[in-house]
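What follows is each chain in one-letter form.
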Amino acid sequence: EPLAAKPVGVLLSLACGLRESEMLALKWSDYGNGAISVNKSLVREKQAFKSAKNGEERTVPCPPALIAVLEDWKVQQQEWYASHDLQWTEDAPIVNSRVGNHTLQRSYGKWFERERLRWPIPDDFTPHGLRHTYVTLLSRDCGVDARTTRSMSGHKSEAAFQVYTHTNTEWQRRAAFELGSIIAPDDDAVRCQ
């Protein structure tokens, strides 16, 4: 089954702990070397950007399952753009709308609500719940230290910086690999579409 933009957005949110506005703001130029650069968010209901919530950039390593899906999605999206006489560039949104722009939050939220009803997902579960799931999986199931989890999810405060130990890129990559093992637990499920 071919991939689609909005389900790719769900996987991005779950696998990278992105806020909905950060995920919807992503362009292909924000993805490279197996990581997502989070440096902006989409203004609600506009094709405009603002700085990320805490005003800081962060780089989030992607689990292997997400990398595989993004590589497939990039090819499929380029073909979709060509079939609709649209010019695809690295500035194209990863989660595009039906006309090739960024998907707006209202549209994404309505789609998510309809899809949520098809699965045994609680009534109060929203796209932000994927971010909570990400943090829980990293800290509880992957055993990632609080500092690394906060660094990857963009939850930062001075108090947390003083209490927790330092993190580094290797710990973040190891955390992303462990998360990938939970999301796609066996070789046959590597592409968790």
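See the structure printed just above.
Criteria and thresholds
Residues numbered from 1 in each chain as written. Predicted model: local features only at pLDDT ≥ 70, side-chain atom pairs only at ≥ 80, totals over all residues. Heavy atoms only, no water. Helix = DSSP H or I, 4+ residues; strand = E, 2+ residues; numbered from the N terminus. Buried < 20%, exposed > 50% of the residue type's maximum accessible area, 1.4 Å probe, protein only. Areas by Shrake-Rupley, 256 points an atom, 1.4 Å probe, with all protein chains shown as cover. Axes fitted to C-alpha atoms, helices over the stretch in contact; angles between N-to-C directions. Parallel < 35°, antiparallel > 145°, perpendicular 65-115°, else oblique. Left-handed = near helix turned anticlockwise from the far one by under 90°. Contact = heavy atoms within 4.5 Å. Pairing = 2+ DSSP bridges. Phe/Tyr/Trp six-rings, centres within 6.5 Å; stacked < 30°, edge-to-face > 60°. 1 Å grid on protein atoms, 1.4 Å probe; cavity = no way out; pocket = protein on both sides within 12 Å on 5 of 7 lines; lining within 4 Å. Points joined across faces, edges and corners; volume = space filled by probe spheres on them. Nonpolar A, V, L, I, M, F, W, Y, C, P; charged D, E, K, R; others polar. Expected span 1.5 Å × (residues − 1).

Colleague: Tell me what's going on with the overall build of the protein, and back it up with residues and numbers.
Modeller: Secondary structure summary: the protein contains eight helices and five strands in total. Secondary structure elements of the protein occur, N-terminal to C-terminal, as α-α-β-β-β-β-β-α-α-α-α-α-α. The burial tally for the protein puts 45% of its 193 residues in the buried class. About 10,400 Å² of surface is accessible on the protein, with carbon and sulfur atoms providing 51% of the total.

Colleague: Quick one: what's the story with the packing of helix α1 (residues 5-16) against helix α3 (residues 64-83), residue by residue and with numbers?
Modeller: One way to put it is that α1 packs onto α3 with a least axis distance of 11 Å and a crossing angle of 155°. On the basis of their axis angle, the class for α1 and α3 is roughly antiparallel. At the point where α1 passes α3, the crossing takes the left-handed sense. Of the residues in α3, those touching α1 at Ala 5, Val 8, Leu 11, Leu 12, Ala 15 and Cys 16 are Leu 66, Val 69, Leu 70 and Trp 73.

Colleague: Kindly report on the sheet that holds strand β2 (residues 35-38), identifying the contributing residues and their values.
Modeller: The sheet built from three strands is open, its strands ordered β1-β2-β5 with antiparallel pairing. Edge positions in the sheet fall to β1 (31-32) and β5 (58-61), since each has one partner strand and no second. Pairing of β1 with β2 involves two bridges; the strand directions are antiparallel. Among the inter-strand pairings, Tyr 31 is bridged to a residue of β2, identified as Ile 36.

Colleague: Account for the packing of aromatic side chains, with residues named and values stated.
Modeller: In total, this model carries four aromatic pairs according to the counting rule given. Centre to centre, the rings of Trp 28 and Tyr 31 are 6.2 Å apart; their planes meet at 75°, and the pair counts as edge-to-face. The exposure class assigned to Trp 28 is buried, which follows from its relative accessible area of 0%. When its relative accessible area of 10% is taken as the criterion, Tyr 31 is described as buried. Here the aromatic rings of Phe 112 and Phe 125 are separated by 6.4 Å at their centres, their planes lie at 25°, and the arrangement is stacked. Of the two residues, Phe 112 sits in helix α4 (residues 105-117) while Phe 125 sits in the loop between α4 and α5 (127-141), which places them 13 residues apart along the sequence.

Colleague: Let's hear about the layout of surface pockets: which residues, and what values?
Modeller: Considered as a void within the structure, the second largest pocket measures approximately 360 Å³ in volume. Considering the residues around the second largest pocket, the lining is formed by 17 residues, among which Ala 5, Lys 6, Asn 96, Ser 97 and Arg 98 are closest to the centre. For the lining of the second largest pocket, the elements supplying multiple residues, two or more each, are α1, α3 and α4. When grouped by side-chain class, the residues that make up the lining of the second largest pocket number eight nonpolar, seven polar and two charged.

Colleague: Can you explain the pairing of β2? Please cite residues and give values.
Modeller: Burial along β2 is two-sided: the face carrying Ala 35 and Ser 37 and the face carrying Ile 36 and Val 38 are both buried. Count of turn residues in the β1/β2 antiparallel hairpin: two residues, of which Asn 33 carries a positive phi of about 55°. Summarising the sheet, β2 and β5 pair through four bridges and their orientation is antiparallel. Among the inter-strand pairings, Val 38 is bridged to a residue of β5, identified as Arg 58.

Colleague: Break down α3 for me, citing the residues and quoting the values.
Modeller: Helix length check: α3, at 20 residues, gives a terminal C-alpha distance of 29 Å against a target of 28 Å (1.5 Å per residue), a fit within 8%. Close packing links the buried residues of α3 with α1, β1 and β2. Taken from the residues just after α3, Asp 85 is the one with a positive phi, measuring 55°.

None of the figures reported here should be taken as evidence of function without further support.
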